Amino acid sequence: MTITTLPDARWLHAIAAAAFLSASLPHATLNAQGLESPETVNRIVGSDVKQEEASATAEARNVNTAIDRTRENIGTVRKTSKLDKVEIVLLTDAARSEGGPPPVIESKVKQHQDDIAELRKEIEANALLFNAIESRRVLAQDVLAVEFDDPGKIVIYAAAKPSD
């Protein structure tokens, strides 16, 4: 007859606990709240999130102006915790699958590439803005510029196509 010692009993409890946790995880994942629902996005972001499609060529002046202001907008992105409206402008003809931004915008992007890289990091670190773009399936690496039009409103220009 074998007598179970105390260390063996602890090992058995640890195995049982691990089995219980691994059996519970799939259910926890199913209960997670996704960003597909507009109500969920509005609750998380706390702002009205709108999306529109535009031609990069038609928006070139606005995008280039916003790119020129990237350095000052980085600080504003960093401090932003509440907005009334987030407008995401998808420059569909500037998406990577379309060859990227037209030369008139691409030259500005190259000129300000370090600032744009920093802006993208700040967007990823900002829960409000990250969840807003994520809700529209836009990657931070596709953001070209942001513009704070009115108090409480941001326009995010992204070289991306809408998600299906």
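The structure contained in this document is the topic of the report that follows. Please read these numbers as outputs of a predicted model, since none were measured by experiment.

### Focus: the overall build of the protein chain
- The helix and strand inventory of the protein chain stands at seven helices and four strands.
- The secondary structure elements of the protein chain, listed N-terminal to C-terminal, are α-α-β-α-α-β-α-α-α-β-β.
- Within the protein chain, the fraction of its 164 residues that count as buried is 40%.
- Here the analysis covers contacts within the protein chain between residues at least 6 apart in sequence; of these, 77% occur between residues at least 24 apart.
- For the protein chain, the exposed surface amounts to about 10100 Å²; the carbon and sulfur share of it is 54%.

### Thoughts on the nonpolar core
- Core analysis: the biggest nonpolar cluster contains 22 residues, and Val86, Val146 and Ile156 have the highest contact counts within it.
- Sorting the residues of this core by element identifies helix H4 (70–79), strand E2 (85–91), helix H6 (113–125), helix H7 (127–135), strand E3 (143–147) and strand E4 (153–158) as the ones contributing at least two each.
- The greatest single-element share of this core, amounting to four residues, is contributed by H7.
- Beyond its immediate sequence surroundings of up to four residues, valine 146 is in contact with Ala66, Asn73, Val77, Leu119, Ile123, Ile154, Val155 and Ile156.
- One finds Ala56, Ile116, Leu144 and Ala145 within the second-largest nonpolar core, a separate group that totals 17 residues.

### Comments concerning the pairing of E3
- Here E3 lies mainly inside the structure; five of its five residues are buried.
- As judged from the four bridges shared by E3 and E4, these two strands associate in the antiparallel manner. Considered in E4, the bridge of valine 146 is made with isoleucine 156.
- Here E3 folds back onto E4, and the loop between the two strands holds five residues, one of which, glycine 152, carries a positive phi near 85°.

Quick notes on the rules
- Residues numbered from 1 in each chain as written.
- Predicted model: local features only at pLDDT ≥ 70, side-chain atom pairs only at ≥ 80, totals over all residues.
- Heavy atoms only, no water.
- Helix = DSSP H or I, 4+ residues; strand = E, 2+ residues; numbered from the N terminus.
- Buried < 20%, exposed > 50% of the residue type's maximum accessible area, 1.4 Å probe, protein only.
- Contact = heavy atoms within 4.5 Å.
- Areas by Shrake-Rupley, 256 points an atom, 1.4 Å probe, with all protein chains shown as cover.
- Core = buried A, V, L, I, M, F, W, Y, C linked by side-chain atoms within 4.5 Å.
- Pairing = 2+ DSSP bridges.

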